[in-house]
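Examining the three-dimensional arrangement
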Amino acid sequence: MHAPVLVSTEDDVDSLIHALLAGPPFHDAAHLVSRARPMTRSGFPDHELYVGVSKDGQVGALMLSAPETGLVASAGGLSSRNDVVYHVAKHWTEFPSDSEIPLSLVRSAVKEFLRSGGCVPKCVVWKPIEMAAEDSGDSEDPWGSSNG
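Okay, so let's go over this structure. What you see is a predicted model; the values in this text were computed from it and never measured. (Residues numbered from 1 in each chain as written. Predicted model: local features only at pLDDT ≥ 70, side-chain atom pairs only at ≥ 80, totals over all residues. Heavy atoms only, no water.)

Take the nonpolar core next. Grouped together as the largest cluster of nonpolar side chains are 22 residues, with contacts concentrated most on L49, V51, L62, V106 and W126. Elements with a minimum of two residues in this core: α1 (10-22), β1 (29-32), β2 (48-53), β3 (59-66) and α2 (103-115). Among the nonpolar cores identified, the runner-up in size contains 9 residues, and A73, Y86, V88 and I129 belong to it. (Core = buried A, V, L, I, M, F, W, Y, C linked by side-chain atoms within 4.5 Å. Buried < 20%, exposed > 50% of the residue type's maximum accessible area, 1.4 Å probe, protein only. Helix = DSSP H or I, 4+ residues; strand = E, 2+ residues; numbered from the N terminus.)

Following this line, the structure appears as structure tokens:
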């Protein structure tokens, strides 16, 4: 994360996936942005794509946040793992349990993302990620600050 790598060709995508598969523990995911997409007013990319690959199997998962999609994940079958967690530079990122897809499809989606200038890959089925609301025990006061 401190030394970003420019991925500009399909061979670079293959090298990235290979590096994630062969890399050290807790480095099995990457955070990607496209320089072809617009920036927000504050100067940050308007999107982000997380790519996780399993070192134990031929699967991976994708998570995308973009204005046109909101927060979505690749839609796959239920994972054989209880927790689908990948790590970007030792920082864990939890993926939905049904987001793992074949590694070949992960490669195709990242290549499509690159070729299209950061458009949402169409080769993958995407599903919205529901953000669970924490139950504060008081439905009238979402901040849990009332003294009752």
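Read on for the rest.
Of the voids in this model, the largest pocket is the one considered here, and its volume is about 880 Å³. Around the largest pocket, the lining is made up of 28 residues, and of these P4, V5, V7, H31 and L32 lie nearest the centre. Elements that contribute at least two residues to the lining of the largest pocket include exactly α1, β1 and α2. Counting residues per element, the lining of the largest pocket draws most heavily on α1, at 6 residues. When its residues are assigned to classes, the lining of the largest pocket shows 20 nonpolar, 6 polar and 2 charged. (1 Å grid on protein atoms, 1.4 Å probe; cavity = no way out; pocket = protein on both sides within 12 Å on 5 of 7 lines; lining within 4 Å. Points joined across faces, edges and corners; volume = space filled by probe spheres on them. Nonpolar A, V, L, I, M, F, W, Y, C, P; charged D, E, K, R; others polar.)

Within the secondary structure layout, E112 lies in helix α2. Separated by 2.5 Å, the side chain of E112 and the backbone nitrogen of K122 make a polar contact. When sequence neighbours within four positions are dropped, the list of residues in contact with E112 reads V120, P121, K122 and C123. (Polar contact = N/O pair within 3.5 Å; in protein donor to acceptor, adjacent residues only side chain to side chain. Contact = heavy atoms within 4.5 Å.)

Now for the environment of S108. Residue position: S108 is located in helix α2. Spatially, the C-alpha atom of S108 lies 9.2 Å from that of V13, the residues being 95 residues apart in sequence.

Further remarks concern the pattern of salt bridges. One pass over the full model with this rule turns up 6 salt bridges. A salt bridge links K111 to D14, with the shortest nitrogen-to-oxygen separation between them at 3.0 Å. In this pair, K111 sits in helix α2 while D14 sits in helix α1, placing the two residues 97 residues apart along the sequence. Of the residues examined, K111 reaches a relative accessible area of 15% and is grouped as buried. When salt bridges with common partners are traced through the structure, they connect D14, R107 and K111 into a single cluster. (Salt bridge = Lys/Arg side-chain N within 4 Å of Asp/Glu carboxyl O.)

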